[in-house]
Amino acid sequence: MMLRVLHVSENPLPLAVAVRPAIKDVRPYIVCCVVKGMNLTPGNALKRFLTAQTKLHEDICDKRTLATIATHDLQLVKGPLLYDARPPTEFKIVPLNRKEINAKELVRQLQFEAEEQRKQKKRQNVSGLHRYLHLLDGKDNYPCLVDAENAVISFPPITNSDKTKITKSTRALLLEVTSASSLQTCKDVMDALIEKMAELHKFTLENREEEVGSDPEESASQNPEPPVEGPQLVLEQVRITDMDGSLKVLYPSKTDLNLSASSFVIVR
């Protein structure tokens, strides 16, 4: 199983993310990477991937308190991107499987739903997005990842946008990890995510499941990413810069992706 790193200098259209100073006191750390070659169409491939992401949120991300993962269909991402912090009344998002709403109203709606859950179940525990609302406590501004059309595609640590949702048709993914803890935390989580993706890709190749037809509403199928040949994933480096264009983070760098599994070969 091969993981091939495509360097920014080799990529005619590299994706870049600029970081606004406002994010510094809110959720300052972000790492991104593009992965091409995942086949999410057969059988339960997409479900396995989403389940693995949830497990990483529970384990290495410590219920999103250390870091949050977001995955996007690259075909639906309009770059370059901007990582910013904005007042919750001043940006809208189309959350996964919900209608467009501003961030303040979304949080208020989720708080109401959480209270209803508690009443119905007669206990303190809540499920879903409601478990992460406390991570926004005391924040005047909320973090957001914004595309070139000024659409918010991610609102960590709560949700990402339905606009860039991955589907069975997705072949190229933008991976995003954000944290209030440290840059190294983001890198460690990204390493773990990519290793898990490689394991799942290997499993899909070795277990030939019946291909499941794409949903006609899945816009990603209109301009499908050409498949990557053979048992490999291609990782495209993503530059994170400040507003002046000075480099803050480049992932994956030479020191990233020290995978323990001997079954993976990394070509840098």
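It should be emphasised that the depicted structure is a prediction, and the values quoted were computed from it without experimental measurement.

Procedures and definitions
Residues numbered from 1 in each chain as written. Predicted model: local features only at pLDDT ≥ 70, side-chain atom pairs only at ≥ 80, totals over all residues. Heavy atoms only, no water. Core = buried A, V, L, I, M, F, W, Y, C linked by side-chain atoms within 4.5 Å. Buried < 20%, exposed > 50% of the residue type's maximum accessible area, 1.4 Å probe, protein only. Helix = DSSP H or I, 4+ residues; strand = E, 2+ residues; numbered from the N terminus. Expected span 1.5 Å × (residues − 1). Arc of directions from axis to C-beta. Polar contact = N/O pair within 3.5 Å; in protein donor to acceptor, adjacent residues only side chain to side chain. 1 Å grid on protein atoms, 1.4 Å probe; cavity = no way out; pocket = protein on both sides within 12 Å on 5 of 7 lines; lining within 4 Å. Points joined across faces, edges and corners; volume = space filled by probe spheres on them. Nonpolar A, V, L, I, M, F, W, Y, C, P; charged D, E, K, R; others polar. Pairing = 2+ DSSP bridges. Contact = heavy atoms within 4.5 Å.

(A) Region of the structure containing the nonpolar core. In this structure, Phe49, Met190 and Ile194 are the most contacted members of the largest nonpolar core, which totals 54 residues. The element contributing the most residues to this core is helix α3 (residues 183-206), with nine residues. Counting residues in each nonpolar core, the second largest holds 18 residues, with Ala18, Ala103, Leu133 and Leu136 among its members.

(B) Quick peek at helix α2 (residues 103-121). Over its 19 residues, α2 extends 27 Å from the first C-alpha to the last, a length consistent with the 27 Å expected when each residue adds 1.5 Å. Along α2, the residues that are buried comprise Ala103, Leu106, Val107, Leu110, Ala114 and Gln117. Here the buried residues of α2 occupy an arc of 95 degrees about the axis, which is enough to place them on one side. Turned more than 90 degrees off the buried face of α2, the exposed positions are Phe112, Lys119 and Gln120. With a side-chain oxygen lying 3.1 Å from the backbone nitrogen of Lys104, the N-terminal cap of α2 falls on Asn102.

(C) Here's a closer look at the layout of surface pockets. There is about 550 Å³ of room inside the largest pocket. Residue lining of the largest pocket: 26 residues in total, with Leu50, Gln53, Arg64, Leu96 and Asn160 positioned closest to the centre. Residue assignment for the lining of the largest pocket shows that the elements contributing at least two residues are α1 (45-58), β4 (68-73), β9 (152-155) and β10 (159-160). In terms of residue count, α1 provides more of the lining of the largest pocket than any other element does, five residues in total. Across the lining of the largest pocket, the residue classes break down as twelve nonpolar, ten polar and four charged.

(D) Structural detail: empty space enclosed by the protein. The tally for this structure, following the rule as stated, stands at two cavities of 30 Å³ or more. In this model, the largest cavity occupies a volume close to 40 Å³. In terms of lining, the largest cavity is formed by Met38, Asn39, Leu40, Ala45, Arg48, Leu200, His201 and Thr204. Secondary-structure elements contributing two or more residues to the lining of the largest cavity are α1 and α3. In terms of residue count, α3 provides more of the lining of the largest cavity than any other element does, three residues in total.

(E) Molecular detail of the pairing of strand β13 (residues 247-251). Here strand β12 (residues 232-242) runs beside β13; their pairing, made up of four bridges, is antiparallel. Looking across to β13, one finds that Val238 is bridged to Tyr251. Turn length for the β12-β13 hairpin, with the two strands adjacent in sequence and antiparallel, is four residues, and the turn residue Gly245 shows positive phi of about 90 degrees.

(F) Just the environment of Pro252, in detail. Structurally, Pro252 is set in the loop between β13 and β14 (265-267). Note on Pro252: relative accessible area 1%, which makes it buried. Residues Pro252 and His7, 245 residues apart in the sequence, show an inter-C-alpha distance of 8.7 Å. In this structure, Pro252 is in contact with Val5, Cys33, Leu235, Gln237 and Leu257, ignoring residues within four places of it in sequence.

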